Amino acid sequence: MITTIIFDIGNVLADFTWREHYERFGFDKAMIERLADATVRDPLWNEYDKGVMTYEELFQGFVDNDPEIEPQLREVFADVSTMVIRNDYAIPWIHALQDKGYRCLYLSNFSERAHRECVEALDFIPHMDGGILSYQEKVIKPMPEIYQLLIDRYELTPQECVFLDDTPKNLEGAKKFGIHTIHFQNQTQAIEELRKLGVEA
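Structural notes, computed from the coordinates. (Residues numbered from 1 in each chain as written. Predicted model: local features only at pLDDT ≥ 70, side-chain atom pairs only at ≥ 80, totals over all residues. Heavy atoms only, no water.)

By secondary structure assignment, the location of D42 is in the loop between helix 2 (29-38) and helix 3 (43-49). In this structure D42 is buried but unpaired, with R41 as the nearest side chain of opposite charge at 11 Å. Filtering out sequence-adjacent residues up to four positions away, D42 remains in contact with A36, D37 and N65. (Helix = DSSP H or I, 4+ residues; strand = E, 2+ residues; numbered from the N terminus. Buried < 20%, exposed > 50% of the residue type's maximum accessible area, 1.4 Å probe, protein only. Lys, Arg positive; Asp, Glu negative; His and termini not counted. Salt bridge = Lys/Arg side-chain N within 4 Å of Asp/Glu carboxyl O. Contact = heavy atoms within 4.5 Å.)

Structure below.
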């Protein structure tokens, strides 16, 4: 029996809209690809989510990746509040699950700056029953430590949990602990998958 629903945040409860954010500045496709390669596609992004480097160190790493576009990098990172947009279904879905007796937790790779500047997009967090943001714990998915931490902190029985994430490698990490998983593509698909596990979603 499933008692706990664990949600990823990015591209599940909220969308990680980095491309739309970059497009707001009027850059052409080539520049957007260069910006992406220097930033969100670089391993540095995950290191920042892990909370083991400062924003200044992160930004210098981005500049080192492509020094010619430093002005554009400074422009797009002056304000990152539009990089995360909350999905309209997030809060109603959380409440519907809670009303049926399920505990709703979050488990997400997230940086300190995004947490601070995208707070409006994360307004569903206070409605949840707890969770973990990677930067606060210095571990990220799919490191085994982050799943163990969630299990221990909330005294979870893994076989009674289901984890929704849009990234397969993060799901594989959860499966190793016996947690049920759903590869999230959209809410309709996820609800159907939850129902197959006996969850009234």
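On to the sheet that holds strand 6 (residues 161-165). Strand order in the open sheet made by the five strands is 5-4-1-6-7, with parallel pairing throughout. Both outer strands of the open sheet, strand 5 (131-133) and strand 7 (180-183), are each paired with one neighbouring strand and no more. Averaged over all pairs of adjacent strands, the angle between strand axes in this sheet comes to 20°, irrespective of strand direction. Bridge count for strand 1 (residues 4-7) against strand 6 is four bridges, and the pairing is parallel. From the neighbouring strand, T4 faces strand 6, where its bridge partner is C161. The strands touched by helix 11 (residues 187-196) within the sheet are strand 1, strand 6 and strand 7, with strand 7 carrying the most contacts at an inclination of about 155°. (Pairing = 2+ DSSP bridges. Axes fitted to C-alpha atoms, helices over the stretch in contact; angles between N-to-C directions.)

Our focus in this paragraph is the pattern of salt bridges. By the definition in use, this model includes 17 salt bridges. K141 is the partner of D8 in a salt bridge, and the nearest nitrogen-oxygen pair spans 2.9 Å. Of this pair, D8 sits in the loop between strand 1 and strand 2 (14-16) while K141 sits in the loop between helix 8 (134-137) and helix 9 (144-153), placing them 133 residues apart in sequence. Each member of the pair, D8 as well as K141, carries the same accessibility label: buried.

Checked against the element boundaries, N170 lands in helix 10 (residues 168-175). Those residues in contact with N170 that lie beyond four places of it in its chain are K141, P142, Y147, F163 and D165.

Time to look at the pairing of strand 7. Strand residues, when the strand is regular, have side chains that alternate between the two faces of the sheet. Bridge count between strand 6 and strand 7: four bridges; the pairing is parallel. If you follow F163 over to strand 7, its bridge partner there is T181. Viewed along the sheet, the connection from strand 6 through helix 10 into strand 7 turns out right-handed. (Right-handed = clockwise from strand over helix to strand, strands pointing away.)

Take the environment of A174 next. Within the secondary structure layout, A174 lies in helix 10. In sequence terms A174 and S134 are 40 residues apart; their C-alpha atoms lie 15 Å from each other. The contact partners of A174, leaving out residues within four places of it in the chain, are Y147, F163, I179 and T181.

A few words on the pairing of strand 6. Of all five residues in strand 6, five are buried, a share of seventy percent or more. Burial along strand 6 is two-sided: C161, F163 and D165 facing one way and V162 and L164 facing the other are all buried.

Okay, unusual backbone geometry next. Here the amide bond leading from K141 into P142 is cis, since omega sits at 5°, within 30 degrees of zero. Positive phi, close to 65°, is recorded for K138, a residue that is not glycine. Locating K138 in the fold gives a position in the loop between helix 8 and helix 9. Take K138: its relative accessible area is 44%, and that puts it in the partly exposed class.

Judged by nonpolar contacts, the single largest core of 35 residues is most densely connected at I5, F7, W93, F124 and L164. Contributions of two or more residues to this core are made by strand 1, helix 6 (90-99), strand 4 (103-108), strand 6 and helix 11. Ranked by residue count, the leading element in this core is helix 6, at five residues. When near neighbours in sequence (up to four residues on either side) are disregarded, W93 contacts F7, L164, F184, Q187, A190, I191, L194 and A201. Counting 22 residues, the second largest nonpolar core, distinct from the first, contains W18, L35, V40 and Y48. (Core = buried A, V, L, I, M, F, W, Y, C linked by side-chain atoms within 4.5 Å.)

Here R113 lies in helix 7 (residues 112-117). According to the relative accessible area criterion, R113 is buried, its value standing at 8%. When residues no more than four places from it in sequence are discounted, the contact partners of R113 are Y48, Y55, F77, A78, D79, V80 and C118.

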